[in-house]
Amino acid sequence: MRQGATIGVALAAALIGCGGATARAVTVAPACRFEATLEGITDFDLVGQRDTPGADGQGDARVRVRPCSTGVLRDVALRNEGGTYSLWHSTPETGSWLLGIADGEAPSALRNVPEGAPGVTVEAGRVLLLYGADNGSVRAGDTRYSVTLTYEDGHVEHGLVRRLAPLVVAGE
């Protein structure tokens, strides 16, 4: 499949074994580069140290993501690639803290529902903001992270998260 092509519904269903379920097509933008940047600790308090949304009295860490695909998300994960163990998911009841998903144009409104990311539509090149409660690894600066976007049809985008230097901490 060439970049920029759209996976047809029938082909996607056959490839991922949907057994007749409706799959939504994912479009990959040509000449696009997946980008993810850890912006720091914000003054937004949308998630906490649990798997459900809600404030915990602490500013959330924020990762700015620019996906290369247009489609509907099934899950988003932020995890360590070295350093302090860290794992956040947009889907609750995974045993990890909730990763909030917001649109770059509406940074304080989470788009994922308490049941997870299903139904969150993303567009190639349009900024997503991911919020997670800091487990100490963000502020300490000793962990490398990666982001994985998993779409309803099984398509996956994955990339390492770049850190801004110095780390921005709201209120400091």
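Scoring rules and cut-offs
- Residues numbered from 1 in each chain as written.
- Predicted model: local features only at pLDDT ≥ 70, side-chain atom pairs only at ≥ 80, totals over all residues.
- Heavy atoms only, no water.
- Helix = DSSP H or I, 4+ residues; strand = E, 2+ residues; numbered from the N terminus.
- Buried < 20%, exposed > 50% of the residue type's maximum accessible area, 1.4 Å probe, protein only.
- Areas by Shrake-Rupley, 256 points an atom, 1.4 Å probe, with all protein chains shown as cover.
- Phe/Tyr/Trp six-rings, centres within 6.5 Å; stacked < 30°, edge-to-face > 60°.
- Pairing = 2+ DSSP bridges.
- Axes fitted to C-alpha atoms, helices over the stretch in contact; angles between N-to-C directions.
- pLDDT = per-residue confidence, 0-100.
- Contact = heavy atoms within 4.5 Å.
- Core = buried A, V, L, I, M, F, W, Y, C linked by side-chain atoms within 4.5 Å.

1. Structural notes on the overall build of the chain
And step 1. Summing up its helical and strand segments, the chain has two helices and 13 strands in all.
And step 2. By the burial criterion, 42% of the 172 residues in the chain qualify as buried.
And step 3. Accessible surface for the chain amounts to roughly 8300 Å². Of this, 52% is attributable to carbon and sulfur atoms.

2. Points about the packing of aromatic side chains
And step 1. Per the stated rule, a full pass over the model turns up two aromatic pairs.
And step 2. Judged by centre distance (6.0 Å) and plane angle (55°), the ring pair of Trp-88 and Tyr-145 falls under tilted. Taken as a pair, Trp-88 in strand β5 (residues 87-89) and Tyr-145 in strand β11 (residues 144-151) lie far apart in primary sequence, 57 residues in all. For the pair formed by Trp-88 and Tyr-145, the shared burial category is buried.

3. Some details on the sheet that holds strand β13 (residues 162-169)
Picture the strands of a sheet paired through backbone hydrogen bonds; they go either parallel or antiparallel.
And step 1. Spatially, the six strands line up as an open sheet ordered β8-β7-β10-β3-β2-β13, and their pairing is mixed. Sheet topology places β8 (106-110) and β13 at the edges, where each strand pairs with a single neighbour. In this sheet, neighbouring strand axes are inclined to one another by 25° on average, regardless of whether the strands run parallel or antiparallel.
And step 2. Here strand β7 (residues 100-103) pairs with β8 via two bridges, running antiparallel. Directly across from Asp-103, in β8, lies its bridge partner Ala-106.

4. Details of the confidence of the model for the chain
And step 1. For the chain, the mean per-residue pLDDT works out to 83, and 83% of the residues sit at or above 70.
And step 2. The low-confidence segment residues 1-22, where pLDDT is below 50, has 28 contacts with residues more than four positions distant or belonging to other chains.

5. Observations concerning the nonpolar core
And step 1. Counting residues in hydrophobic clusters, the biggest one holds 26 residues, and the most contacted among them are Val-63, Val-65, Leu-73 and Val-147.
And step 2. Among the elements of the structure, β2 (35-41), β3 (61-66), β4 (69-82), β9 (120-122), β10 (128-132) and β11 are those that each provide at least two residues to this core.
And step 3. In this structure, Val-47, Val-127, Leu-129 and Tyr-131 belong to the second largest nonpolar core, which totals seven residues.

6. Some points on the environment of Arg-50
And step 1. Here Arg-50 lies in the loop between β2 and β3.
And step 2. Judged by relative accessible area, Arg-50 falls into the partly exposed class, the value being 30%.
And step 3. Taking the C-alpha atoms as reference points, Arg-50 and Glu-93, separated by 43 residues in sequence, lie 9.3 Å from one another.
And step 4. For Arg-50, the contacting residues outside a window of four places in its chain are Ala-55, Asp-56, Trp-97 and Leu-98.

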